[in-house]
Amino acid sequence: MKTIALIIAGGTGERMHQDIPKQFLTVNEKPVIVYTLEAFQSHPEIDSIAVVCVKGWEPMLQAYARQFNISKLEHIACGGETGQASIRNGVFELEKYFDSDDIVLVHDAIRPMVSAEIISDCIMKTKQFGNAIAAVPCAEAMLTTEDGEKSSSAYPRDNLKRTQTPQGFRLGDICEIHRQALEKGISGSIASCTLMIEMGKEVFFSRGSEKNIKLTTVDDIDIFKALLISKRSEWLK
């Protein structure tokens, strides 16, 4: 049984208001996607890395892989019109090379602070339950709203989880879910876990972290830089 990291880097990052896709932005002289790739490259349980890449950036990705010694990068697929389509492109590409019982960890390229512990727990829970969704408790008060401007009701936060990536699956299972979604015309699911639920499946939680941030806005880049400084300080102790 093999474990493959499928890094989703097919988006253009419009909310970052930059001229290049946010996964290729440079932070401290290193592209964001390289931090993410290095986390999976260094993990002993990851056998192979695949990337779903925004069209036209494949040569840049390959150049970075050579520059930063990402030797596990073996497959590159083209990004789709939506996140769901990008993931579908990726898992269908992996299906050509790997067995249905192999494990695939779907991970956002713009979550560069994913830890070895998060990756390990996702792999372990996927082997145990058939899938695993990195998640953290909801610490904030949750209000419901109809118009986005006001609220008159709350939702119990103990009943909520904030999901992250990686999200682990048996390769055959996630491919079959995407085929069923195509047949039913489901095309706008925002994550693999939501697609599984829309298709009537049960999902299981694995370890997440507040540090496992997703770089969506410029403010997130500032938080990422601060986390890098903190991580560097821990290394120097």
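The notes below deal with the structure included here. (Residues numbered from 1 in each chain as written. Predicted model: local features only at pLDDT ≥ 70, side-chain atom pairs only at ≥ 80, totals over all residues. Heavy atoms only, no water.)

Counted by the stated rule, this structure contains five aromatic pairs. Centroid distance F129 to F204: 4.5 Å. Interplanar angle 10 degrees. Geometry classified as stacked. Highlighted residues: F129 in helix α4 (residues 116-129) and F204 in the loop between α6 (192-198) and β11 (205-207), separated in sequence by 75 residues. A residue is classified by how much of its surface remains accessible, and F204, at 25% relative accessible area, is partly exposed. Site record: aromatic cluster; members linked through ring pairs are F24, W57, Y64 and F68. Above the ring of Y35, the side-chain terminus of K30 is found at 4.8 Å from the ring centroid. The residue whose ring lies beneath K161 is F205, and the NZ or CZ to ring-centre distance is 5.6 Å. (Phe/Tyr/Trp six-rings, centres within 6.5 Å; stacked < 30°, edge-to-face > 60°. Helix = DSSP H or I, 4+ residues; strand = E, 2+ residues; numbered from the N terminus. Buried < 20%, exposed > 50% of the residue type's maximum accessible area, 1.4 Å probe, protein only. Lys NZ or Arg CZ within 6 Å of the ring centre and 35° of its normal.)

Turning to helix α3 (residues 83-94), a few remarks are in order. Here α3 contains 12 residues, and its C-alpha end-to-end distance of 17 Å stays within 8% of the 16 Å for a straight helix at 1.5 Å per residue. Most of α3 sits inside the fold, with nine of its 12 residues counted as buried. What α3 keeps buried is the set Q84, A85, S86, I87, R88, G90, V91, E93 and L94. The elements touched by buried residues of α3 are β1 (3-9), β4 (48-53), β5 (73-78), β6 (103-108), α5 (171-184) and α6. (Expected span 1.5 Å × (residues − 1). Contact = heavy atoms within 4.5 Å.)

Further remarks concern the nonpolar core. In a soluble, globular protein the nonpolar side chains are often hidden away together inside. If you look at the biggest cluster of nonpolar residues, it comprises 30 residues, and the most contacted ones within it are I33, F40, I49 and V51. Taken together, the elements giving at least two residues each to this core come down to β1, α1 (32-41), β4, α2 (58-67), β6, α4 and β7 (131-137). Sorting elements by how many residues they give to this core places α1 first, with five residues. I33 has contacts with A9, Q23, F24, V51, L61 and A109, leaving out every residue within four places of it along the chain. Formed by 26 residues, the second largest nonpolar core is a distinct cluster that contains A50, L94, I133 and C175. (Core = buried A, V, L, I, M, F, W, Y, C linked by side-chain atoms within 4.5 Å.)

On to the pairing of β5. Here β4 runs beside β5; their pairing, made up of five bridges, is parallel. When the bridges of β5 are listed, V51 appears paired with I76. In this fold, β4 hands off to α2, which returns the chain to β5; that crossover is right-handed. (Pairing = 2+ DSSP bridges. Right-handed = clockwise from strand over helix to strand, strands pointing away.)

Oppositely charged side chains can form a pair if their charged atoms are brought close together. According to the stated counting rule, one finds eight salt bridges in the structure shown. When the shortest N-O distance is used, the salt bridge between E95 and R179 registers 2.5 Å. With E95 in the loop between α3 and β6 and R179 in helix α5, this pair connects stretches of sequence that are 84 residues apart. The partly exposed category is assigned to E95, whose relative accessible area is 33%. Across the salt bridge formed by D147 and K150, the nearest N and O atoms sit 2.5 Å from each other. One network of salt bridges, in which partners are shared, links E140, R162 and E210. (Salt bridge = Lys/Arg side-chain N within 4 Å of Asp/Glu carboxyl O.)

Moving on, we get to the environment of V106. Positionally, V106 belongs in strand β6. Residue V106 is classed as buried on the basis of its relative accessible area of 4%. The sequence separation of V106 and F169 amounts to 63 residues, and the corresponding C-alpha distance is 8.2 Å. Residue contacts for V106: discarding those within four places in its chain leaves L6, I8, I87, T165, P166, Q167, F169 and S192.

Attention now goes to a negative patch on the surface. A surface patch of like charges, here negative, comprises D99, D101, D173, E176 and E183. Following the sequence through the fold, D99 ends up in the loop between α3 and β6. (Patch = residues over 30% accessible without salt bridge, like charges linked within 9 Å, V, L, I, M, F, W, Y side chains within 5 Å. Areas by Shrake-Rupley, 256 points an atom, 1.4 Å probe, with all protein chains shown as cover. Lys, Arg positive; Asp, Glu negative; His and termini not counted. Charge placed at Lys NZ, Arg CZ, Asp CG, Glu CD.)

Strand order in the open sheet formed by seven strands is β5-β4-β1-β6-β10-β7-β11, with mixed pairing between adjacent strands. Two strands lie at the open edges of the sheet, namely β5 and β11, each paired on one side alone. Here the strands of the sheet are splayed against their neighbours by 30 degrees on average, with no regard to which way each runs. Inspection of the sheet shows β1 paired to β4 by six bridges, in the parallel sense. Across the sheet, A9 pairs through a bridge with C53, a residue of β4. Sheet strands in contact with α4 are β1, β6, β7, β10 (161-170) and β11, and its direction is about 60 degrees off that of β10. On the sheet, α5 packs against β6 and β10 and is oriented at approximately 110 degrees with respect to β10. (Axes fitted to C-alpha atoms, helices over the stretch in contact; angles between N-to-C directions.)

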